[in-house]
Amino acid sequence: MPCYSIEGVVPVVDPTAYVHPTAVLIGDVIVGPNCYVGPVASLRGDFGRIVLKAGVNVQDTCVMHGFPSGETVVEENGHIGHGAVLHGCVVRRDALVGMNAVVMDEAEIGEQSIVAACAFVRAGMKVPARSLIAGVPAKVLRQLSDDEIAWKLEGTLTYQDLARRCFASMVEVQPLTAPEAHRPRVQSPDVKPLVAVKRS
């Protein structure tokens, strides 16, 4: 993976964490055990510290950065969706930040909360535990149900499994020129979108 020190500060990646080769880690970045960092994610510890605790996933094209001497932290089992931006904030244990959401400086996302896709969490906002927040600017809509929290955890466990699958079988290849007969599908767990879960 592209990994760079700055002023002698070198990123740290636990051996059980999977960081995609196209992700970029710079400086004061600490990636804990069983984490997954997706393609083209940018974790820039060239000002403040970036910390991913155990079991976190930071998906493709996410950006993490912060102001000098600050920290941007995702606690255990945090789940950061495609394209999200975290800047100088804290995402507490078992919380989810949805696709293309932005969480600004000194904001705190409470334990087991969900930030909806495309939400803008203003600087300094403190989100209570087990809350659903959405909008621009984001507002607390309601408390999450036990079923919704269980669904989030299932998705996070799927990404922890993906880290193991990547270690076991992901390799760079040349593409085929046409699909083969009886083309197989990847052997991923059976996880459904929340809307499908609610429908059933």
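Higher on the page you've got the structure.
Because the structure is predicted, anything quoted here is derived from the model rather than measured. (Residues numbered from 1 in each chain as written. Predicted model: local features only at pLDDT ≥ 70, side-chain atom pairs only at ≥ 80, totals over all residues. Heavy atoms only, no water.)

Caption draft 1: A look at unusual backbone geometry. Of the consecutive residues V136 and P137, the connecting peptide bond is found in the cis state with omega at -5°. Within the secondary structure, P137 sits in the loop between β19 (131-134) and β20 (139-143). Backbone geometry places N100, a non-glycine residue, at a positive phi of 60°. When you line up the elements, N100 lands in the loop between β13 (96-97) and β14 (102-103). Looking at N100, the relative accessible area reads 47%, which means it is partly exposed. Here H182, not a glycine, exhibits a phi torsion of approximately 55°, which is positive. In this structure H182 comes out as exposed when scored by relative accessible area, which is 79%. (Helix = DSSP H or I, 4+ residues; strand = E, 2+ residues; numbered from the N terminus. Buried < 20%, exposed > 50% of the residue type's maximum accessible area, 1.4 Å probe, protein only.)

Caption draft 2: Highlighting the packing of aromatic side chains. Summed over all chains, the structure comprises three aromatic pairs. On the numbers, 5.5 Å between centres and 90° between planes, the contact of Y18 with F167 is edge-to-face. Pair noted here: Y18 is in strand β3 (residues 18-19) and F167 is in helix α1 (residues 146-169), with a separation of 149 residues, a long-range link. Taking 5.4 Å as the distance between ring centres and 55° as the angle between the ring planes, the aromatic pair formed by Y36 and Y159 counts as tilted. (Phe/Tyr/Trp six-rings, centres within 6.5 Å; stacked < 30°, edge-to-face > 60°.)

Caption draft 3: View of the sheet that holds β19. Strand order in the open sheet formed by eight strands is β3-β5-β7-β10-β13-β16-β19-β20, with mixed pairing between adjacent strands. If you trace the sheet from one side to the other, it starts and ends with β3 and β20, each paired once. Pairing analysis gives two bridges linking strand β7 (residues 57-58) to strand β10 (residues 79-80), with the strands arranged parallel. The residue bridging N57 from the neighbouring strand is H79, located in β10. (Pairing = 2+ DSSP bridges.)

Caption draft 4: The pairing of strand β6 (residues 42-52), seen in detail. As judged from the seven bridges shared by strand β4 (residues 24-31) and β6, these two strands associate in the parallel manner. Note that in β6 the partner of V29 across the bridge is I50. Sheet topology note: the β6/strand β8 (residues 63-65) ladder contains two bridges and is parallel. Bridge pairing in β8 places S42 opposite V63. Summarising the sheet, β6 and strand β9 (residues 71-74) pair through four bridges and their orientation is parallel. By the bridge assignment for β9, L52 is matched with V74.

Caption draft 5: The arrangement of the pairing of β4 in detail. Judged by how many residues are buried, β4 sits mostly within the fold: six of eight residues are covered. Bridging between strand β1 (residues 3-4) and β4 involves two bridges; their strand directions are parallel. Note that in β4 the partner of Y4 across the bridge is I26.

Caption draft 6: Examining the nonpolar core more closely. Residues L43 and L52 are the most contacted members of the largest nonpolar core, which totals 35 residues. Going through the elements one at a time, β4 and β6 are the ones with two or more residues in this core. Excluding its chain neighbours within four sequence positions, the residues that come into contact with L43 are V24, L25, I26, V29, V37, I50, L52, V58 and M64. Counting six residues, the second-largest nonpolar core is a separate cluster that includes Y18, Y159, L162 and C166. (Core = buried A, V, L, I, M, F, W, Y, C linked by side-chain atoms within 4.5 Å. Contact = heavy atoms within 4.5 Å.)

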